[in-house]
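In case you want the letters, here they are:
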Amino acid sequence: MKPKIGIFGLSGCWGEQIVILNCEDQIPDILGATEIVDFLGGSSRNDEESPLDVAFVEGSVANAREEKQLRRIRERARLLVACGTCACHGGVAAMDADQPREAVVCQVYGTGGPAAAWDIRPHRPLADFVKVDAAIPGCPMEKDEFLRATANILNGDLPLLPAYPVCLECKMKENDCLLIARGLPCAGPVTVAGCGARCPGYRVACIGCRGPVEESNIESLQKILVEKELRAEEISRKLRTFAAPTLDRNRQGGLA
Amino acid sequence: MTQTITVDHIARVEGHGGIRVVLDGNEVREVAFDVFEGVRLLEGLVRGRSLEDVTGIVSRICAICSHGHSITSLQALENALEIETTPQTRKLRDLAYQGANIESHALHVFFLALPDLLGHPSVISLAGVNPEAVAMALRLKKLGNTIQEIVGGRAVHPVNYILGGFGRVPETEELVALQQEILARRADCARVVEILRSVKVPEFVRAPVRCAALAPEDDAFFFGDRIVVSDERGTIPVSEYRSLTNEYLVPHSHAKRSAHDHRSYMVGALARLTLNGRYIGGLAREAWEELGLALPSDNILMNNVAQAIEMIYSIERALHLVSALLETGVAEEAPPSYRARACRGAAATEVPRGILFYSYELDEQGRVAAADVITPTAQNLSHVEDQMRAAARAGAVAGVPHDVLAQRLTVIARAYDPCISCSVHLVRR
């Protein structure tokens, strides 16, 4: 029997579902190897009850309805894969802001009015509510990483994702270092790899969209930042744009 | 006695939305297109961020229109800072928009809308009976993505767009390969027309479609600084876009609504062809004639046909732009110089689903003091409800069973290609 798959989106930009649909060359193979039984974004006839072998979930949890939906997906699924930075780390909707969320709500929707009755909570990553078996970060997740992870899972393995920084991929590509050569606040040294150092390849400093790497040489980075007359906050602000909940949980030293 | 028709969660649209219609005999008491996507408050959250950071954050409003969000954001900043763009930058941005339009329309026409018209729950089941059509749709979609990757550095959430231009301009070899690929895909256009011709677009809703679109600047169909509206003489400058959109809130939706002179309007492919059809020539014009799309139309479902015509337009336009770029050669250009200062600016472009508005207010250090984003879907929500009201009333009078009526209402919602994730990020007045 082909493994049963579900694809779900919580609050977010639909980016991971678009990345899955962007696997134009592999979609026929994926459809051949699996049975996609629950995918509201792609089908108006879904099986919302049966157990799933794998559930791919994108987006962050922003309200009680989504929390309930996520718990239900967890009950059904043998493996739950968090797809994208929102699902893994909270994403941009969970970013640090200069003022409390209530004030931002008033700013965006005005005071009084219907917005006062809405269930607006801080956005949280999936792991704050349920067990996550595998996490593919990235804003959006990279197509190659999704395909590799899917192939691993279909073969009975859990995916192995990079535990080193974007900086390493950038060096392997022999890009000019934006931090050292051009003095730009690049988040590559503290951001987890997997994108092939996409932004630096375009001479654009990394913005940290994949979330923090577990081990990074913060001391050396801080030394370079001082040399280049850059402030550490410029880097930590980038990381906290995409992964504030994870950084708060880990409370990792120095920059975060 | 009243009866309620509900669709809890509309399938095959981007984001989370539902429908609730209350009927009292043949009278429609209430129509609500509920948007319950979690609010993300991005326009509020970017306050205080530097003008260099903001574009990379707002692009995350929407995946499928992320190139449009990035470029419109940059154009609003450029407008504020009085940065002039070069012809090369304008051509490359135009090219990216054609890629986005091809990708987005291929996805919507073939993967999200066509299953309705052919009676399938999804494209997966459609692939079972017509694998060749699905393979072609995938090829076209891929072409759109390839264009976006070459210009923007990534298909979803581009990385290469910066103030005034690009981190790195495409290499000549990339453009030559792209030219070949577009030429190869151009042959698929006849097949697109053939498939669309075989489809009978339902006529269960007949109601006037009031349109708004940007007046194209020269021959750039998706760019302009004035807005045209169906029944109005004269145009509205983009800098005064709030007089078009007039946003208001309703309790059942996390997205704001728009009304112009207290009446709803529609933006998107059908609106563009209705108002600016004279700019369409070549293969797209031939396709238009073969498909017999008469405009203005009072059948909103024709938006799907308009998208197919526009997709063909974008394939030809992309070819034209790539050839023009190869002819002049693509060169690295110096980044623009500007001075951070207190200023404000606005911009609008036509993204696949319609007009996208951006405006910024910057403080003296170049930080965002206020941001305003109005997406096409947000503008369309009131129009969707008006069309649903018309369909519900016609259905009730004709005694259409409620399950059929519910299905019709979802087909109407889907015809607009709504992007609900996009619509919940609207901004303070």
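Residues numbered from 1 in each chain as written. Chains lettered and ligands numbered in written order. Predicted model: local features only at pLDDT ≥ 70, side-chain atom pairs only at ≥ 80, totals over all residues.

Engineer: Residue-level account of helix α3 (residues 66–81) of chain B, with values.
Structural biologist: Compared with an ideal rise of 1.5 Å per residue, which puts 16 residues at 22 Å, α3(B) spans 22 Å between its outermost C-alpha atoms and is within 8% of the ideal. By the criterion of burial, α3(B) is predominantly enclosed, with 15 of the 16 residues buried. (Helix = DSSP H or I, 4+ residues; strand = E, 2+ residues; numbered from the N terminus. Expected span 1.5 Å × (residues − 1). Buried ≥ 20, exposed ≤ 12 C-beta atoms within 10 Å, placed from the backbone.)

Engineer: Any chance you could break down the domain arrangement of chain A for me, citing the residues and the numbers?
Structural biologist: All names here are of chain A. Segmentation of chain A into domains returns domain 1 (4–94 + 124–154) and domain 2 (166–250). Counting residues at the interface gives 14 residues for domain 1, matched by 12 residues for domain 2. The element that contributes the greatest number of residues to the side of domain 1 that touches domain 2 is helix α4 (residues 84–89), accounting for 3 residues. (Domains from an automatic or database assignment. Contact = placed C-beta atoms within 7 Å.)

Engineer: Tell me what's going on with helix α14 (residues 402–415) of chain B, and back it up with residues and numbers.
Structural biologist: Residues and elements named next belong to chain B. Taking 1.5 Å as the rise per residue, α14 with 14 residues should run 20 Å; its terminal C-alpha atoms sit 20 Å apart, in good agreement. As for α14, its buried residues are in contact with β1 (2–7), β2 (17–24), β3 (27–35), α4 (87–118), α12 (303–328) and α13 (376–397). Asp417 occupies a position one or two residues after α14 and carries a positive phi of about 55°.

Engineer: Account for the interface of chain B and chain A, with residues named and values stated.
Structural biologist: Contacts between the two partners involve 51 residues from chain B and, on the opposite side, 49 residues from chain A. Of the residues belonging to the side of chain B that touches chain A, the class tally is 25 nonpolar, 14 polar and 12 charged. (Nonpolar A, V, L, I, M, F, W, Y, C, P; charged D, E, K, R; others polar.)

Engineer: Go over the packing of helix α6 (residues 131–152) of chain B against helix α7 (residues 172–186) of chain B with me, naming the residues and quoting the values.
Structural biologist: Residue and element names in this part refer to chain B. Direction vectors running N to C along α6 and α7 enclose 160°, while the axes themselves pass 11 Å from each other. In terms of orientation, α6 lies roughly antiparallel with respect to α7. In terms of crossing hand, the pair formed by α6 and α7 is left-handed. Note on element contacts: α7 touches α6 through Glu174, Leu178, Glu181, Ile182 and Arg185, opposite Arg139, Leu140, Leu143, Thr146, Ile147 and Ile150. Split into classes, the residues belonging to the contact of α6 with α7 amount to 6 nonpolar, 1 polar and 4 charged. (Axes fitted to C-alpha atoms, helices over the stretch in contact; angles between N-to-C directions. Parallel < 35°, antiparallel > 145°, perpendicular 65-115°, else oblique. Left-handed = near helix turned anticlockwise from the far one by under 90°.)

Engineer: Now, about the sheet that holds strand β2 (residues 35–38) of chain A: what can you tell me, with residues and values included?
Structural biologist: Residues and elements named next belong to chain A. Spatial ordering of the open sheet is given by β2-β1-β3-β4-β5, a layout of 5 strands whose pairing is parallel. On the outer flanks of this sheet lie β2 and β5 (134–136), each paired with one strand and no other. Pairs of neighbouring strands in the sheet enclose a mean axial angle of 30°, with direction left out of account. Bridging between strand β4 (residues 77–83) and β5 involves 3 bridges; their strand directions are parallel. Counted as the bridge partner of Val81 is Ala134 from β5. Across the sheet, helix α6 (residues 143–154) is in contact with β3 (52–58), β4 and β5; its angle to β5 comes to roughly 160°. (Pairing = 2+ DSSP bridges.)

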